[in-house]
Amino acid sequence: MSQPDLTAARDQLTAEQADLERQITELTGDGAALEADENFADSAQVAAETVENRTLAAQLQDQLDDVEAAIARIDAGTYGTCEVCKQPVTAARLEAMPSTRFCIDHA
């Protein structure tokens, strides 16, 4: 079984990390999440969009947490090892899903 290319994995994870951080900032950091104004005729729509933005931001944060954990595993020397069976994760799986914590059998 071939070993994962840690440099390529780190590069891919770092790029994904930056993209996720940018998306989260766009949704939450600059006031993009609109607040409902009681005088605004479509305040229900604004409230719905706010909830949708917050939900999406939470999902993106979960993905970011996974990416940051994968980078930490690279640093710790445990990247590419299934957390369940402790066997190596195939290089093809890591290439397709660089932040995965599990082999295909335990996914």
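**Some points on the nonpolar core**
And step 1. Judged by nonpolar contacts, the single largest core of 17 residues is most densely connected at Leu13, Leu20, Leu60, Val67, Ile74, Tyr79 and Val89.
And step 2. For this core, the secondary structure elements donating two or more residues are helix 1 (6-29) and helix 2 (43-76).
And step 3. No other element matches helix 2, which puts seven residues into this core.
And step 4. Not counting residues up to four positions away in its chain, the partners in contact with Leu13 are Val67, Ala70, Ile71, Ile74, Tyr79, Pro98 and Ser99.

**Regarding helix 1**
Owing to its 3.6 residues per turn, the α-helix aligns residues three or four sequence positions apart on the same side.
And step 1. Taking 1.5 Å of rise per residue, the 24 residues of helix 1 would be expected to cover 34 Å, and the 32 Å separating its terminal C-alpha atoms lies within 8% of that figure.
And step 2. Along its buried surface, helix 1 packs onto helix 2.

**Considerations on the packing of helix 1 against helix 2**
And step 1. The contact between helix 1 and helix 2 brings their axes to 9 Å, and the two run at 155°. As judged from the angle between their axes, helix 1 and helix 2 are roughly antiparallel. In the crossing of helix 1 with helix 2, the sense of the turn from one axis to the other is left-handed.
And step 2. Among the residues making up the contact of helix 1 with helix 2, the classes are represented as 14 nonpolar, seven polar and five charged.

**Brief notes about unusual backbone geometry**
And step 1. For Lys86, which is not a glycine, the phi torsion comes out positive at approximately 65°.
And step 2. With respect to the element layout, Lys86 can be found in the loop between helix 2 and helix 3 (91-96).
And step 3. Of the residues examined, Lys86 reaches a relative accessible area of 56% and is grouped as exposed.

**Considerations on the confidence of the model for the protein**
And step 1. For the protein, the mean per-residue pLDDT works out to 88, and 87% of the residues sit at or above 70.
And step 2. Within the protein, helix 1 carries the highest mean pLDDT (94), whereas helix 2 carries the lowest (92).

**Section: a negative patch on the surface**
And step 1. Taken together, the side chains of Glu21, Asp62, Asp65, Asp66 and Glu68 make up a negatively charged region of the molecular surface.
And step 2. Sort the elements by how many residues they give to the negative patch and helix 2 lands first, with four residues.
And step 3. Topologically, Glu68 is positioned in helix 2.

**Some thoughts on the side chain of Gln17**
And step 1. Along the chain, Gln17 turns up in helix 1.
And step 2. A polar atom in the side chain of Gln17 sits 3.2 Å from the side chain of Glu68.

Each value, and the rule that gives it
- Residues numbered from 1 in each chain as written.
- Predicted model: local features only at pLDDT ≥ 70, side-chain atom pairs only at ≥ 80, totals over all residues.
- Heavy atoms only, no water.
- Core = buried A, V, L, I, M, F, W, Y, C linked by side-chain atoms within 4.5 Å.
- Buried < 20%, exposed > 50% of the residue type's maximum accessible area, 1.4 Å probe, protein only.
- Helix = DSSP H or I, 4+ residues; strand = E, 2+ residues; numbered from the N terminus.
- Contact = heavy atoms within 4.5 Å.
- Expected span 1.5 Å × (residues − 1).
- Axes fitted to C-alpha atoms, helices over the stretch in contact; angles between N-to-C directions.
- Parallel < 35°, antiparallel > 145°, perpendicular 65-115°, else oblique.
- Left-handed = near helix turned anticlockwise from the far one by under 90°.
- Nonpolar A, V, L, I, M, F, W, Y, C, P; charged D, E, K, R; others polar.
- pLDDT = per-residue confidence, 0-100.
- Patch = residues over 30% accessible without salt bridge, like charges linked within 9 Å, V, L, I, M, F, W, Y side chains within 5 Å.
- Areas by Shrake-Rupley, 256 points an atom, 1.4 Å probe, with all protein chains shown as cover.
- Salt bridge = Lys/Arg side-chain N within 4 Å of Asp/Glu carboxyl O.
- Lys, Arg positive; Asp, Glu negative; His and termini not counted.
- Charge placed at Lys NZ, Arg CZ, Asp CG, Glu CD.
- Polar contact = N/O pair within 3.5 Å; in protein donor to acceptor, adjacent residues only side chain to side chain.

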